[in-house]
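# Results of the structural survey
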Amino acid sequence: KNRLRRSSQLMKNDPYTLTITLNSEGSAEGEAYIDDEKSFDYKKNVYSYQKLIFKDNALSCSSLNKDGSYESPLIERIVVIGLDKSLSPSVNGNELVHSYKKSN
């Protein structure tokens, strides 16, 4: 969540920015855990736990909590650091708005 707010509670419904830093092979993997940040509902499987993999210029996501569910805010932006060319990102065949800035 990149929007500056006076408190974390005000950020609750802000969308996420996902930052991916590629290794020397041009890939990355990690996990993301999201819950309501205030209750113990995670004990009732009310959370999202995702495995994210960027490989061969594609980002995939799969749930690591098959029994749980959590409706989290949207991902507003994906930043990929270390990309050596511009890609044409899409979701389910629908092209996304994107920009490319080559780093020095």
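Before any of the text, the structure's been laid out above.
Below, the structure is looked at part by part. (Residues numbered from 1 in each chain as written. Predicted model: local features only at pLDDT ≥ 70, side-chain atom pairs only at ≥ 80, totals over all residues. Heavy atoms only, no water.)

## Things to note about the pairing of strand β4 (residues 58–63)
The line we're drawing: Any two strands are treated as partners once DSSP identifies two or more bridges connecting them. By definition, any uninterrupted DSSP run of H or I lasting at least four residues is a helix, any uninterrupted run of E lasting at least two residues is a strand, and each is numbered from the N terminus.
Sheet analysis places strand β3 (residues 48–55) next to β4, joined by six bridges and oriented antiparallel. Within the sheet, the bridge partner assigned to Leu52 lies in β4 and is Cys61. In this structure, the hairpin formed by β3 and β4 is closed by a connection of two residues, where Asp56 is found at a positive phi of approximately 55°.

## A closer look at the nonpolar core
Filter applied, for reference: The definition of a nonpolar core used throughout is a set of buried Ala, Val, Leu, Ile, Met, Phe, Trp, Tyr and Cys residues joined through side-chain atoms within 4.5 Å. Type-normalised accessible area, obtained with a 1.4 Å probe on protein chains alone, sets the label of each residue: buried when under 20%, exposed when over 50%, and partly exposed for intermediate values. Residues are treated as being in contact if the distance between any of their heavy atoms lies within 4.5 Å.
Leu18, Ile20, Leu22, Ala28, Leu52, Phe54 and Leu83 form the largest nonpolar core, which has seven residues in total. For this core, the secondary structure elements donating two or more residues are β1 (16–21) and β3. Discounting chain neighbours no more than four positions away, the residues touching Phe54 are Ile20, Leu22, Gly26, Ser27, Ala28, Leu59, Val80, Leu83 and Leu87.

## Considerations on the sheet that holds strand β2 (residues 28–34)
To keep it simple, the criterion reads: Between the N-to-C directions of two axes lies an angle of 0 to 180 degrees, each axis being a line fitted to C-alpha atoms and, for a helix, fitted only over the stretch in contact.
Reading across from one edge, β2-β3-β4 is the order of the three strands in this open sheet, with antiparallel pairing throughout. What marks the edges here is a single partner per strand, and that holds for β2 and β4. When strand polarity is set aside, the average angle formed by the axes of neighbouring strands in this sheet is 20°.

## A closer look at the pattern of salt bridges
Defined as follows: A side-chain nitrogen of Lys or Arg and a carboxyl oxygen of Asp or Glu constitute a salt bridge if their distance falls within 4 Å.
Within the structure shown, the criterion is met by two salt bridges. Across the pair Glu29 and Lys51 runs a salt bridge, and its minimum N-O distance is 2.8 Å. Note that Glu29 is positioned in strand β2 and Lys51 in strand β3, a separation of 22 residues in sequence.

## Here we look at the packing of aromatic side chains
The condition that has to hold: The pairing test for Phe, Tyr and Trp rings, Trp by its six-membered ring, is centres within 6.5 Å, and the orientation test on the planes gives stacked under 30 degrees, edge-to-face over 60, and tilted for anything in between.
Taken as a whole, this structure holds three aromatic pairs when the rule is applied. Here Tyr33 and Tyr49 contribute two aromatic rings whose centre-to-centre distance is 6.4 Å and whose plane-to-plane angle is 65°, an arrangement assigned as edge-to-face. Of the two residues, Tyr33 is situated in strand β2 and Tyr49 in strand β3; the sequence distance between them amounts to 16 residues. Overall, Tyr49 belongs to the partly exposed group, its relative accessible area being 26%. With a centroid separation of 6.2 Å and an interplanar angle of 45°, the aromatic rings of Phe40 and Tyr42 are classed as tilted.

## Focus on unusual backbone geometry
Even without a glycine there, the phi angle at Asp56 is positive, about 55°. Tracing the sequence through the fold places Asp56 in the loop between β3 and β4. Although it is not a glycine, Asn92 sits at a positive phi angle of roughly 50°. Inspection of the secondary structure puts Asn92 in the loop between β6 (90–91) and β7 (94–95). A relative accessible area of 78% places Asn92 in the exposed class.

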